[in-house]
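Below are the chains, spelled out letter by letter.
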Amino acid sequence: MPAASALVDLENLRHDVDDALDRHLTRLRDEVAATGPGTTALTDQVSTLLAGGKRLRAAFCYWSFRAHGGASSGAARDAVVRIGAALELFQAAALLHDDVMDASDTRRGRPTAHRVFEARHRERQWSGDADRFGTAAAILLGDLCLVACHREAGAALDALPTDVGRAARDMLDAMTSEVVVGQYLDVLVQAEAWGLDPTADEDRARLVLRAKSARYSVERPLTLGAVLAGASPDRVAAISAAGLPLGEAFQLRDDLLGVFGDPEVTGKPAGDDLREGKRTVLVARTLAAGDDDARLLVTKHLGDARLTDDDVAALRAAITGSGAVVGVEALIDELAAQGLSALATADLDAHGREVLTGLAHAAVDRAA
């Protein structure tokens with residue numbers, strides 16, 4: 001199976017999506033610069049963040065479009081590329097806000113936006129609280145990216161037939177609401193009692209990952225591509241049935257990498273999700289199946305930002321010893337099989353199906 005990067009490069013997609021992003025960011029930079037001095041720090045930071053993206057969401061959208069009969073050139077293809085760019089801007093907004101809420105220090109091997117703005121404040125010895133300045137700047141930058149997403153999408157959809165554009169807009173609007181509510185559910189889960197009912201804990205964790213990540217990472221890009229190709233409601237429903245389990249498997253893989261991933265590959269410190277106290281399926285299963293010592297260790301240390309490498313190693317050992325890792329890997333396999341089966345039976349162009357299958361494997365089997 002080709003690597004994810006090779007699949008995203010097919011039909012010049014990465015180049016064209018990056019071109020669309022560059023054009024949008026150039027216009028945005030000029031607009032921001034005209035507003036006042038010092039404001040281009042915002043667009044400089046989003047350019048840095050966007051430079052590290054895999055473009056998987058754009059690829060899922062584009063290859064669903066092609067698999068549903070969309071042409072490899074022409075106005076509709078150009079619009080799908082721009083929708084891919086909009087999805088990248090949307091992800092940037094989600095990551096910026098997520099990093100603030102999680103108090104993350106790094107993203108893709110670089111300091112997160114709020115840390116960059118904090119450092120700028122301190123270096124220039126500005127008045128006020130540097131941490132608060134950094135948080136405010138990152139939140140506003142996330143808002144700016146969300147506005148940019150909808151502006152780029154709107155310009156793309158204006159070139160399409162009215163019914164297609166309206167359906168795609170409705171889907172993008174629903175995606176935006178889903179992710180915002182999913183982020184709130186994530187915050188809510190962190191605040192509620194945890195560990196009293198392992199089954200309910202896992203159900204809540206899966207609800208959060210579906211709303212916050214699974215849909216916008218895979219399902220919505222796939223269904224958007226189908227809608228943009230003019231697919232029938234039945235065909236849109238069929239690709240949605242593939243996308244949701246694949247998106248859930250994608251996020252479960254992310255949760256495993258957040259605890260066991262190689263920092264050199266993931267771009268985040270080892271065990272970062274443990275320090276942030278993420279209430280994941282992995283943690284729920286550890287509390288459900290671990291012995292008393294494992295449960296005590298997780299309950300006591302999950303969410304401690306001061307965890308040492310030795311503390312992280314001890315938590316990893318407890319999680320592994322509980323059987324939670326094996327269980328989550330099995331769940332990933334089950335969900336991936338469900339999604340791949342739906343892809344195999346959907347009414348799709350053969351080449352498009354092949355590329356989508358490769359992208360699905362790349363999303364689920366990745367190391368970063």
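A short tour of the structure in this document, coming up. This one's a predicted model, so the numbers in the text were calculated from it and none came from an experiment.

Moving on: the overall build of the protein. Secondary structure summary: the protein contains 17 helices and two strands in total. Radius of gyration (C-alpha) of the protein: 21 Å, near the 21 Å computed for a compact globule of 368 residues. C-alpha extents for the protein along the principal axes are approximately 60 × 55 × 35 Å. Counting over 368 residues, the protein shows a buried share of 52%. Looking at the protein as shown, the accessible area adds up to about 15,900 Å², and 53% of this sits on carbon and sulfur atoms.

Of all hydrophobic cores here, the largest spans 109 residues; its most connected members are Ile83, Leu228, Leu356 and Leu359. It is helix α5 (residues 75-102) that provides the largest number of residues to this core, a total of 15 residues. Aside from chain neighbours lying at most four places away, what touches Leu356 is Phe60, Trp63, Ser64, Ala67, Leu222, Ile239, Leu343 and Leu348.

Okay, α5 next. The terminal C-alpha atoms of α5 lie 40 Å apart, and with 28 residues this matches the ideal 40 Å at 1.5 Å per residue to within 8%. Across the 28 residues that make up α5, a large majority, 22, are buried. With its phi angle positive at about 55 degrees, Ala103 sits one or two positions after the end of α5.

It is worth spelling out the state of the cysteines at this point. The tally for this structure, following the rule as stated, stands at zero disulfides. Cys145 carries a free sulfur, and the closest cysteine sulfur to it, the one in Cys149, is 9.4 Å from it. Taking the relative accessible area as the measure of exposure, Cys145 reaches 4% and is therefore buried.

Moving on: the pattern of salt bridges. Considering all chains together, one arrives at 35 salt bridges under this definition. Residues participating in the shared-partner salt-bridge network are Asp102, Lys268, Asp272, Asp273, Glu276 and Lys278.

A few words on the packing of aromatic side chains. Per the counting criterion, the structure on display carries five aromatic pairs. Seen in terms of ring centroids, Tyr62 and Trp63 are 5.4 Å apart; in terms of plane orientation they differ by 90 degrees. Their pairing is edge-to-face. Ring plane angle 70 degrees and centroid distance 5.3 Å describe the contact between Phe90 and Tyr216, whose orientation is recorded as edge-to-face. Taken together, the residues Phe90 in helix α5 and Tyr216 in helix α9 (residues 198-228) connect sequence positions 126 residues apart. You'll find Phe90 and Tyr216 in the same group, each marked buried. Through successive ring pairs, a cluster of aromatic residues spans Tyr62, Trp63 and Phe65. The ring of Phe250 carries the charged tip of Arg366 above its face, separated from the ring centre by 4.0 Å.

A word on the packing of helix α7 (residues 130-157) against helix α8 (residues 162-191). Direction vectors running N to C along α7 and α8 enclose 165 degrees, while the axes themselves pass 10 Å from each other. Considering their axes alone, α7 and α8 lie roughly antiparallel with respect to each other. Read as a crossing pair, α7 and α8 show a hand that is right-handed. Between α7, through Leu146, His150, Ala153, Gly154 and Leu157, and α8, the contact on the second element is made entirely by Gly165, Ala168, Arg169, Leu172, Asp173 and Thr176. Across the contact of α7 with α8, the residue classes tally to five nonpolar, four polar and two charged.

The next subject is the side chain of Asp255. Secondary-structure assignment places Asp255 in helix α10 (residues 233-260). Put simply, Asp255 is tucked away with no salt bridge, and the nearest opposite charge, on Lys278, sits 6.2 Å away. Among all residues touching Asp255, those that are not within four sequence positions of it are Leu209, Asp273, Thr280 and Leu282.

What follows is about unusual backbone geometry. Positive phi, normally seen in glycine, also occurs at Ala103, with a value near 55 degrees. Summarising the element assignment, Ala103 is placed in the loop between α5 and β1 (106-107). Here the phi dihedral of Gln125 falls at roughly 55 degrees; this positive angle occurs in a residue that is not glycine.

The interhelical angle for the contact between helix α4 (residues 56-67) and α9, taken along N-to-C directions, is 30 degrees, at an axis separation of 7 Å. Put simply, α4 runs roughly parallel to α9. At the point where α4 passes α9, the crossing takes the right-handed sense. Facing Arg57, Phe60, Cys61, Ser64 and Phe65 of α4, the residues of α9 in contact are Tyr216, Ser217, Val218, Pro221, Leu222, Leu224, Gly225, Ala226 and Leu228. Split by residue class, the contact of α4 with α9 holds ten nonpolar, three polar and one charged.

This part is about the environment of Phe117. Turning to its location among the elements, Phe117 is positioned in helix α6 (residues 113-123). For Phe117, a relative accessible area of 5% corresponds to the buried category. As a C-alpha pair, Phe117 and Arg132 span 15 residues in sequence and 9.6 Å in three-dimensional space. Setting aside chain neighbours within four positions, we find Phe117 in contact with Ala41, Leu42, Gln45, Phe133, Gly134, Ala137 and Leu141.

Conventions adopted
Residues numbered from 1 in each chain as written. Predicted model: local features only at pLDDT ≥ 70, side-chain atom pairs only at ≥ 80, totals over all residues. Heavy atoms only, no water. Helix = DSSP H or I, 4+ residues; strand = E, 2+ residues; numbered from the N terminus. Rg over C-alpha atoms; globule rule 2.2 N^0.38 Å. Buried < 20%, exposed > 50% of the residue type's maximum accessible area, 1.4 Å probe, protein only. Areas by Shrake-Rupley, 256 points an atom, 1.4 Å probe, with all protein chains shown as cover. Core = buried A, V, L, I, M, F, W, Y, C linked by side-chain atoms within 4.5 Å. Contact = heavy atoms within 4.5 Å. Expected span 1.5 Å × (residues − 1). Disulfide = S-S within 2.5 Å. Salt bridge = Lys/Arg side-chain N within 4 Å of Asp/Glu carboxyl O. Phe/Tyr/Trp six-rings, centres within 6.5 Å; stacked < 30°, edge-to-face > 60°. Lys NZ or Arg CZ within 6 Å of the ring centre and 35° of its normal. Axes fitted to C-alpha atoms, helices over the stretch in contact; angles between N-to-C directions. Parallel < 35°, antiparallel > 145°, perpendicular 65-115°, else oblique. Left-handed = near helix turned anticlockwise from the far one by under 90°. Nonpolar A, V, L, I, M, F, W, Y, C, P; charged D, E, K, R; others polar. Lys, Arg positive; Asp, Glu negative; His and termini not counted.

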